Amino acid sequence: WVSFKNPAAKIMRTKKIFEKGKTDGDVREVVWAIIFRPDGKQMVASVGHRLFIIDPSSTDPRFTPQIGKGHHGIVFALSYSADGKRFASGGADKTVIIWTAAGEPFLRYTHNYAIQALAYNPVTQQLASGTDSDLGLWSPDQKQVHKEKVNSRILCMSWTNDGQFLACGQYNGQISIRDRQGQEKYVIRRTEPVWCLAWNPAKEEAATLAVGCWDQTLSFYQLNGKQVGGDRKLDYDPCSLSYFSNGEYLVMGGSNCQAILYTRDGVKLTTVAERKGWVWACQARPKHNFVAIGANDCTMSLYQLIFNTVHGLYQDRYAYRDVMTDVVVQSLTNTDQRLRIRLHEYVQKIAVFRDRLAVQMPERLAVYELAEDEQTGELKSLNRQTINEKFDCNLLVVTSNHIILCQDCKVTLLNFDGVKEREWVLDSVILYMKV
């Protein structure tokens, strides 16, 4: 097994595309919401009471405030129509404005309270708007906005992929799942405000709802309200949540002043960016590995996520990381011989040698014995050994009886119980190891 070190490479890294901080005289303005057009070619952000239309493909985009008569108060919510022809904004002035993609006001309607959330139906032109007291439903084929009373302020909303059901997160901790007519069908009860939620956009995961609650948890639910797995404990209040287009990852930000990347199952992967204030807006760019971030420190930024390949090879046996938390082992000469190991943790490094497989995760290191079934010839894993310790290393190598770790100039030899048997310190940085 051969291991190379690239000093500039990481398992996953982020690249800042642009960052802007806006000021209006001596008043610094918070970035409350960010959306993308469904094709990913346009970005709209609300900064205080103003809207900005931005080209996300530019590394130095122009930040020209939205022209035309707009809002007279803070804009809390934005949503883009599925056809990309219009977007909607709403906020403290109790008004919803529907704009053309070019930024011209097209239509407006009002509520009795500030608008906290907006969500365009992904199939129809129906627009949902949420306030302290009611849920509004508007579509181009109706003259008036249909409104349904709610028992607590709506903080966030998301439609299922088929456009049949709308999930509304509320200040009293309830999640109200309603049909297209606004009738409540299911209720999920949490103990604290539900500030962000989203349905997984992947077809096979279409009925899975991710929920960020101010009891500092991330949880997942089916359409009928049944929870999937347990709560994922956070150390912050989540304020914004967005899935990537393929549904494999989601990004979330909040009171920890960070934007964090998770798997679709809620396994923490990495910190995308750190801000100096609460992150109110985290939005994945459709069809791209980009994340837009808006924060209380008045900054708006766009980051590219670069996923590097994590793999190991010994003769015809190849092991690689899949969906960030699984390891797939397969034969290069026999395509039917394939083994998937689901670790439910972020896989950082992989090493394979003969019948040994080593996998490094953030807080532990696991070693597997690989064997072929005598009757079927299928590959299976046996006798897993775990070293419950965090290791900092640039290179990882496994042998028949040992783990070899390399950190810069130091090489450490461990047995499978985690006991250090030998250590070498060389005069320069080590770039290559071979067993």
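Residues numbered from 1 in each chain as written. Predicted model: local features only at pLDDT ≥ 70, side-chain atom pairs only at ≥ 80, totals over all residues. Heavy atoms only, no water.

1. Quick word on the packing of aromatic side chains
Working step 1: A full pass over the atoms with the stated rule returns 12 aromatic pairs.
Working step 2: Note on tyrosine 80 and phenylalanine 87: the rings are 5.5 Å apart at their centroids and 50° apart in plane angle, and the pair reads as tilted. Assigned by exposure class, tyrosine 80 and phenylalanine 87 land together as buried.
Working step 3: With 6.1 Å between their ring centres and 80° between their planes, phenylalanine 244 and tyrosine 249 make a pair best called edge-to-face.
Working step 4: Residue class for phenylalanine 244 comes out buried when judged on its relative accessible area of 3%.
Working step 5: Looking at tyrosine 249, the relative accessible area reads 10%, which means it is buried.
Working step 6: Clustering of aromatic rings is evident, with ring pairs tying together Trp32, Phe76, Trp195, Trp214, Trp278 and Trp280.
Working step 7: Against the face of phenylalanine 106 rests arginine 86, its NZ or CZ located 4.1 Å from the ring centre. (Phe/Tyr/Trp six-rings, centres within 6.5 Å; stacked < 30°, edge-to-face > 60°. Buried < 20%, exposed > 50% of the residue type's maximum accessible area, 1.4 Å probe, protein only. Lys NZ or Arg CZ within 6 Å of the ring centre and 35° of its normal.)

2. Focus: the environment of phenylalanine 391
Working step 1: Here phenylalanine 391 lies in the loop between strand E38 (379–387) and strand E39 (395–398).
Working step 2: You can call phenylalanine 391 buried: its relative accessible area is 12%.
Working step 3: Along the primary structure phenylalanine 391 and glycine 253 are separated by 138 residues, whereas in three dimensions their C-alpha atoms are 27 Å apart.
Working step 4: Leaving out residues up to four positions away in the same chain, phenylalanine 391 has contacts with Gln360, Leu365, Leu405 and Leu414. (Helix = DSSP H or I, 4+ residues; strand = E, 2+ residues; numbered from the N terminus. Contact = heavy atoms within 4.5 Å.)

3. Overview of the nonpolar core
Working step 1: Ranked by size, the top nonpolar core spans 32 residues in total, and within it Val327, Leu357, Leu365 and Ile403 carry the most contacts.
Working step 2: If you list the elements that add at least two residues to this core, you get strand E33 (326–331), strand E34 (338–342), strand E35 (349–353), strand E36 (356–361), strand E37 (364–372), E38, E39 and strand E40 (402–407).
Working step 3: The element that contributes the greatest number of residues to this core is E37, accounting for 5 residues.
Working step 4: The contacts of leucine 365, once residues within four sequence positions are left out, are Ala358, Val359, Gln360, Gln385, Thr386, Ile387, Glu389, Phe391, Leu396, Ile403 and Leu405.
Working step 5: Leu269, Val291, Ile293 and Ala295 belong to the second-largest nonpolar core, a separate cluster that totals 18 residues. (Core = buried A, V, L, I, M, F, W, Y, C linked by side-chain atoms within 4.5 Å.)

4. Some words on a nonpolar patch on the surface
Working step 1: A contiguous nonpolar patch, built from Val429, Leu431 and Tyr432 and spanning about 270 Å² of accessible area, is present on the exposed surface.
Working step 2: Residue position: valine 429 is located in the loop between strand E42 (420–425) and strand E43 (432–434).
Working step 3: For valine 429, a relative accessible area of 41% translates into the label partly exposed. (Patch = residues over 30% accessible without salt bridge, like charges linked within 9 Å, V, L, I, M, F, W, Y side chains within 5 Å. Areas by Shrake-Rupley, 256 points an atom, 1.4 Å probe, with all protein chains shown as cover. Salt bridge = Lys/Arg side-chain N within 4 Å of Asp/Glu carboxyl O.)

5. Focus: the sheet that holds E38
Working step 1: Reading across the sheet, the 4 strands line up as E35-E36-E37-E38 and stay open at both edges, with antiparallel pairing between neighbours. The outermost strands of the open sheet, each flanked by one partner alone, are E35 and E38. Neighbour-to-neighbour, the strand axes of this sheet turn through a mean angle of 20°, independent of strand direction.
Working step 2: By the bridge criterion, 7 bridges tie E37 to E38 in an arrangement that is antiparallel. Bridged to alanine 366 within E38 is threonine 386. (Pairing = 2+ DSSP bridges. Axes fitted to C-alpha atoms, helices over the stretch in contact; angles between N-to-C directions.)

6. Some points on the pattern of salt bridges
Working step 1: In the structure shown here, the tally under the stated rule is 15 salt bridges.
Working step 2: Of the charged contacts in the structure, one is a salt bridge between aspartate 326 and arginine 342, with a shortest N-O distance of 3.2 Å. Of the two residues, aspartate 326 is situated in strand E33 and arginine 342 in strand E34; the sequence distance between them amounts to 16 residues.
Working step 3: Of the residues examined, arginine 342 reaches a relative accessible area of 56% and is grouped as exposed.
Working step 4: Here aspartate 373 makes a salt bridge to lysine 380, at a shortest N to O gap of 3.6 Å.
Working step 5: According to the relative accessible area criterion, aspartate 373 is partly exposed, its value standing at 22%.
Working step 6: Through salt bridges with shared partners, one network takes in Asp322, Asp326, Arg340 and Arg342.

7. A closer look at the side chain of threonine 208
Working step 1: Mapping threonine 208 onto the fold places it in the loop between strand E20 (194–199) and strand E21 (209–213).
Working step 2: Note on threonine 208: relative accessible area 15%, which makes it buried.
Working step 3: Those residues in contact with threonine 208 that lie beyond four places of it in its chain are Ala198, Trp199, Asn200, Phe220, Tyr221 and Tyr243.

8. Concerning unusual backbone geometry
Glycine aside, the phi torsion of most residues is negative, and most peptide linkages are trans.
Working step 1: Phi is positive for glutamine 315, close to 50°, though the residue is something other than glycine.
Working step 2: Along the chain, the position of glutamine 315 falls in the loop between strand E31 (311–314) and strand E32 (317–322).
Working step 3: Taking the relative accessible area as the measure of exposure, glutamine 315 reaches 62% and is therefore exposed.
Working step 4: Positive phi is not limited to glycine here, since histidine 344 has a value of about 60°.
Working step 5: Here histidine 344 lies in the loop between E34 and E35.

9. Re the environment of aspartate 235
Working step 1: Among the secondary structure elements, aspartate 235 is positioned in the loop between strand E23 (232–233) and strand E24 (238–243).
Working step 2: A relative accessible area of 65% places aspartate 235 in the exposed class.
Working step 3: Each C-alpha atom of the pair aspartate 235 and glutamine 181 lies 37 Å from the other, and the pair is 54 residues apart in sequence.

Structural measurements only, silent on function.
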